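Coordinate analysis (summary)
Next come the chains, spelled out residue by residue.
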Amino acid sequence: MDVKSRSTSTLGSNRLGTSRRPSMNEIAPTMPSRVVTDRKSAIYLDHHATTPVDPRILAIAVNAMTSEFGNANGIENIHGETAAALVARARQQIADSLAVEPDEVHFTSGSTEAIQLALAHAVASKGEVLRVAVSRVEHKAVIDTVCHAERLGLAKVFWVNVDQHARLDFASLKAVLDQDIDLLCVMAANNEVGTIYPLQQIADAAQAAGAGLLVDATQAIGRIELNASTLSWDYLILSGHKIYAPKGVGALVSQVFDPSLQFGLHGAHLPTPNVAGIAALGMACQIMMEEGVAESLRLRALRDRLQEKMIALAGPVIVNGDQDNRLAHNLHIAALGAPNDLVLARLRGRVSISTGSACNAGAQEPSHVLRAMGMAPDIAETCLRIGLGRFTTDDEIGRTATEIADAINDVRKMLSGVIDV
């Protein structure tokens, strides 16, 4: 089966069984009881959702909380001065990793706040309704923010389409940019299917149309080339917990951002810096800059081996996203005939993966990304997102392939048995 070229629109007939899907209550009695609950024994492969803190980064954060714990705003004493120096160092580390000036780095609580601040600044700078273009596969943090702004009468949203591999449709982009767009929002790499976007081509198109550019680099920092010496942006978004730093810290990297010029009350008073988180984020960016290329090469080899095993052991399987241009640690598959909620129930406590973005967890419909790709609902409900990470081992890849394949095949067998009754 050619999983690379097969269109999702032709795969509905491969679904095992065409009758009513049974409920979990009907299936549960037939499912073997192999679930374990020991987190330490479970393999973690959900690194798009979050990453464990790197011990080197943890040491930086703990030091900032226990030894250099001063208030970075209170530099009239040695403790505050030392904390301020940690913040300045982190700002420099991030600036170095992106080839920007340190004063362009504005710390936040994470990507979501950075996105909100960027858009609040764009609205305030425009002084009238902001005309914002957004790809249909952006993270919900971007989509929800621009839609909220539209409901408040602060923005008008224009949508850019993608193809079946989540690649940007440049004809759609050009048509949208021709509508006097103020700001284009696009991710550097997709958080579900891993597709990497041609930022230079996108930036050139935005500049030619006179539009600003917001780049959500949450999943991409250190994994693809992001350098202000070759790529121009107005706002760039980072998050610590996607690159082995703690949760609760991120950054808005922008030459144009002015904290005092925002729609709303955010700029009235700057908060006390989260010194431990900021110091950790700085070190995380430095490590990604120094080790990201080698890490991606290692993870790509592991991912490709896992993909080959999954196709061999759990076929029919479709690999989603742009297989020629995707994040090295991403594997997104549709396991035909095996609904993903049942597969995850089978894997619980053994292998931690997901059906998609953590922000969509619990949703009763396919993700907006898969819908934008034009994927049929019966295929979308079989999709699994697997994200490898810094501490993923070769041994874990072999075990993971077996565990996931067994779960998929067990679900297919049991589901077929219930349907045939």
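Residues numbered from 1 in each chain as written. Predicted model: local features only at pLDDT ≥ 70, side-chain atom pairs only at ≥ 80, totals over all residues. Heavy atoms only, no water.

**Here's the deal with the confidence of the model for the protein**
Within the protein, residue pLDDT values average 89, and 86% of them lie at 70 or more. A low-confidence stretch, residues 1–20 (pLDDT under 50), is modelled with 35 contacts involving residues beyond four sequence positions or located in other chains. Low pLDDT (under 50) marks residues 28–37, which in the prediction has 18 contacts with non-local residues, meaning those over four places away or in another chain. (pLDDT = per-residue confidence, 0-100. Contact = heavy atoms within 4.5 Å.)

**With respect to the sheet that holds strand S10 (residues 330–335)**
One open sheet holds the three strands; their spatial order is S9-S10-S12, and the pairing between them is antiparallel. The open sheet has two edge strands, strand S9 (317–319) and strand S12 (383–387), and neither has a second partner. Between one strand and the next, the sheet's axes are offset by a mean angle of 30 degrees, whatever the strand orientation. Judged from the three bridges that link them, S9 and S10 form a sheet pairing that is antiparallel. Looking at S10, one finds that Ile318 is bridged to Ala334. Each of S9, S10 and S12 touches helix H8 (residues 275–314); the most contacted strand, S10, lies at about 10 degrees to it. (Pairing = 2+ DSSP bridges. Helix = DSSP H or I, 4+ residues; strand = E, 2+ residues; numbered from the N terminus. Axes fitted to C-alpha atoms, helices over the stretch in contact; angles between N-to-C directions.)

**Describing the pairing of strand S4 (residues 155–160)**
Where strand S3 (residues 130–135) and S4 come together, six bridges link them in parallel fashion. Opposite Ala133, over in S4, you have Phe158 as the bridge partner.

**Details of the sheet that holds strand S6 (residues 212–216)**
Spatially, seven strands are ordered S2-S8-S7-S6-S5-S3-S4 in an open sheet, and the strand pairing comes out mixed. Each edge of the open sheet carries a strand with a single partner, namely strand S2 (105–108) and S4. Averaged over all pairs of adjacent strands, the angle between their axes in this sheet comes to 20 degrees, without regard to strand direction. Here three bridges tie S6 to strand S7 (residues 235–239), and the two strands are oriented parallel to one another. Paired with Leu214 across the strands is Tyr235, a residue of S7. Each of strand S5 (183–187) and S6 is contacted by helix H7 (residues 199–208), which is oriented at about 175 degrees to S5, the strand it contacts most.

**Some remarks on the nonpolar core**
Counting residues in each nonpolar core, the largest one holds 76 residues, and the members touching the most others are Leu98, Phe107, Leu226, Trp233, Leu236 and Leu238. Ranked by residue count, the leading element in this core is H8, at 10 residues. Those residues in contact with Leu238 that lie beyond four places of it in its chain are Ile94, Leu98, Gly110, Ser111, Ala217, Ile221, Gly250, Ala251, Val253 and Cys285. Core analysis: the next-biggest nonpolar cluster, separate from the first, contains 28 residues, Leu45, Leu299, Val319 and Ile333 among them. (Core = buried A, V, L, I, M, F, W, Y, C linked by side-chain atoms within 4.5 Å. Buried < 20%, exposed > 50% of the residue type's maximum accessible area, 1.4 Å probe, protein only.)

**A few points about unusual backbone geometry**
Glycine aside, residues mostly have negative phi angles, and peptide bonds mostly take the trans form. With an omega dihedral of 5 degrees, the bond running from Gly315 to Pro316 counts as a cis peptide bond. As for its position among the elements, Pro316 is in the loop between H8 and S9. In the Ramachandran plot, Asp180 falls in the positive-phi region, its phi being about 60 degrees despite a non-glycine side chain. Secondary-structure assignment places Asp180 in the loop between helix H6 (170–177) and S5. Relative accessible area serves as the criterion here: at 55%, Asp180 is assigned to the exposed category.

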